[in-house]
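One-letter residues, chain by chain:
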Amino acid sequence: MAGRMVRSCVQTALKAVNSVVGLAGMAVILYALWMLRAWYREAGGLHQRLPVPWFIYIFLGLGIFLCLLTCSGHIAAETANGHCLSCYMIIVFVLIILESAITADVFLNINWEEDFPPDPSGKFNEFKDFVRSNFEICEWVGLSVVAAQVLSIILGMVLRTLGPDRETDYDSDDDANVPARLPLLRNQSQHGPDYAEPNTSCRNDSWKLRILDKVRVVPGVN
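Bear in mind that the values here come from a model prediction, so they are computed numbers and not experimental data. (Residues numbered from 1 in each chain as written. Predicted model: local features only at pLDDT ≥ 70, side-chain atom pairs only at ≥ 80, totals over all residues. Heavy atoms only, no water.)

## Here's the deal with the UniProt feature "transmembrane region" (unreviewed entry) in the protein chain
As annotated in UniProt, the feature "transmembrane region" (unreviewed entry) corresponds to residues 12–34, 54–76, 88–110 and 140–159 in the numbering used here. Here residues 54–76 is 100% helix and 0% strand, with 32 Å between the C-alpha atoms at its ends. In residues 140–159, the share of helix is 100% and the share of strand is 0%. The end C-alpha atoms are 28 Å apart. (UniProt positions renumbered as here; feature names shortened; annotations may be inferred. Helix = DSSP H or I, 4+ residues; strand = E, 2+ residues; numbered from the N terminus.)

Here you go:
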């Protein structure tokens, strides 16, 4: 009972922490769609041949990836399957490594902007200006997302150690065996209390025939 309560608490905590990543992904998607709409409006519509706004598409893809990662994390937390949890933790770990590499490149490399291709939409420069003007807020948001990812890995390891709920599996197995027994009960309930199986009636007839044969043989011997 205690193990089930601990497992339930860890699953709830993992879902809650994972939801923070999902909210960040939805915010990134909304911001990317807003940038894409604003860029098409500034460029004069969709009828012109426009260069590929790589920054907007990468931002949109990142948001979709975070939402899909959140869905997979909820599935892994609900099932407590070892393989699902392992895949989820590996993906989150790789994502943290990429985020750390990009952050280190931005803070340690003076000419980090040269590592990225020119953005035809101009939204990359607008995003940089927004981050610089609101650096403290962006820093706290980024740290919160990274902390949620680290906590999701730790909780995933704990839940993988606890394993799935075995008692629920046993209960489901017992429930699956119940319908197999029901036909026997139904057959007995359909027939009356005086009902006898065909095999038992045949045995009773053969037993009566043997008794009659013995009764016939006894007078002849006397």
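## Brief notes about unusual backbone geometry
For residues that are not glycine, phi is negative in most cases, and the peptide bond is trans in most cases. With phi around 55°, A80 is a residue other than glycine that occupies positive phi space. With respect to the element layout, A80 can be found in the loop between α2 (54–79) and α3 (82–108).

## Details of the environment of L68
One can find L68 in helix α2. Measuring from C-alpha to C-alpha, the distance between L68 and G22 comes to 8.2 Å, with 46 residues separating the pair along the chain.

## Considering the confidence of the model for the protein chain
Scored by pLDDT, the protein chain has a mean of 78; 70% of the residues are at 70 or more. Predicted confidence in the protein chain is weakest over helix α6 (residues 166–190), with a mean pLDDT of 49, and strongest over α2, with 92. With pLDDT under 50 throughout, residues 169–178 is counted as low confidence; its partners more than four residues away or in other chains account for 0 contacts. (pLDDT = per-residue confidence, 0-100. Contact = heavy atoms within 4.5 Å.)

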